[in-house]
Amino acid sequence: MKPYYENDTVKLYHADCREQLLDLPSQSADLLLTDPPYGMAWQPKTKGAANIRADGARQGMRVFRQALTAATPMLADDAHAFVFCHWASWPDFHDAMAPHLKSKGALIWWKNRGGTGDCTGSFAPDYEVVLHACGAKRRPLMGKRHGAVLPAFAPVTPNRRTHPTEKPVELMAFLVSRACPEGGLVLDPFAGTGATLVAAQQLGRRAVGVDLEERYCEVAARRLEQASREGERDAA
């Protein structure tokens, strides 16, 4: 399949990752970094906002399991994997990953701000879980050892989001810099609006992303093109 967008380092496909990943080279990816549907049947709180496809409790986990089965042959033996998930569904994500990857633990992305829910009867849901796993061969992370709580990355504000669960590029860049070697390849089967791909591009890593929704592919392509132009200006 021809990429929806392509430059010197990044390829983005408008496709179902469960089908597209089967056509990619085996053991070519050094890092799996993705933010799949959480399987929480998420409903938007803002009028007119879009739902997340394949996010029903059963459907979301089925899609993730199938995507991981398709992605695993593409992962190098020493690949790392970071998968975002929800506090209520992380055990299901862990169980889905266990047959394919060795669990290393979990990171906590602390957003340092409140969230939706019972504002007076519960604590603020101001964090997300990121499961960390790796392949059969051990490859050390890069840089100094870091704690499992990630507090320095502000969420994308609602007025800047083009995807309901959009992650900050800075957070994705931190994970890429720690787990993907220079010249390595990052894989994101649920690319959304391209935060993972932009982060990889900024760091000089290669990346492959897939997303089922063309409207998000369009946004991701624009972001990648803009980041590429900005990189060229900075290098001039």
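Residues numbered from 1 in each chain as written. Predicted model: local features only at pLDDT ≥ 70, side-chain atom pairs only at ≥ 80, totals over all residues. Heavy atoms only, no water.

A. Up close: unusual backbone geometry. With a phi close to 50 degrees, Gln-27 is a non-glycine residue in the positive phi region. Checked against the element boundaries, Gln-27 lands in the loop between α1 (17-20) and β3 (29-34). Exposure remark for Gln-27: the relative accessible area of 46% places this residue in the partly exposed category. (Helix = DSSP H or I, 4+ residues; strand = E, 2+ residues; numbered from the N terminus. Buried < 20%, exposed > 50% of the residue type's maximum accessible area, 1.4 Å probe, protein only.)

B. Layout of helix α4 (residues 169-179). Of all eleven residues making up α4, nine are buried, and the element is well covered by its neighbours. Listed in full, the buried residues belonging to α4 are Val-169, Leu-171, Met-172, Ala-173, Phe-174, Leu-175, Val-176, Arg-178 and Ala-179.

C. Main features of the confidence of the model for the chain. Chain-level statistics for the chain give a pLDDT mean of 89 and a share of 88% at 70 or above. Every residue in residues 45-49 scores below 50 in pLDDT, and together they form two contacts with partners more than four places removed in sequence or on other chains. (pLDDT = per-residue confidence, 0-100. Contact = heavy atoms within 4.5 Å.)

D. Quick peek at the packing of aromatic side chains. Under the defined criterion, the tally for this structure stands at two aromatic pairs. Each ring, one from Phe-64 and one from Phe-93, has its centre 4.8 Å from the other, and the planes form 45 degrees; the classification is tilted. Taken together, the positions of Phe-64 in helix α2 (residues 57-71) and Phe-93 in helix α3 (residues 90-97) put the pair 29 residues apart, joining distant regions of the chain. Both residues of the pair, Phe-64 and Phe-93, belong to the buried class. Pairing Phe-153 with Phe-174 gives two aromatic rings, centres 5.5 Å apart and planes at 45 degrees, and the pair type is tilted. With Phe-153 in the loop between β7 (149-150) and α4 and Phe-174 in helix α4, the pair connects residues that are 21 residues apart, well separated along the chain. (Phe/Tyr/Trp six-rings, centres within 6.5 Å; stacked < 30°, edge-to-face > 60°.)

E. Layout of the nonpolar core. Leu-31, Leu-33, Phe-82, Phe-84, Leu-175 and Val-186 are the most contacted members of the largest nonpolar core, which has 35 residues in total. Elements with a minimum of two residues in this core: β2 (10-14), β3, β4 (75-85), β5 (102-110), α4, α5 (195-202) and α6 (214-235). Broken down by element, this core gets its largest block of residues, eight residues, from α4. Among the nonpolar cores identified, the runner-up in size contains 33 residues, and Ala-76, Val-83, Phe-93 and Val-208 belong to it. (Core = buried A, V, L, I, M, F, W, Y, C linked by side-chain atoms within 4.5 Å.)

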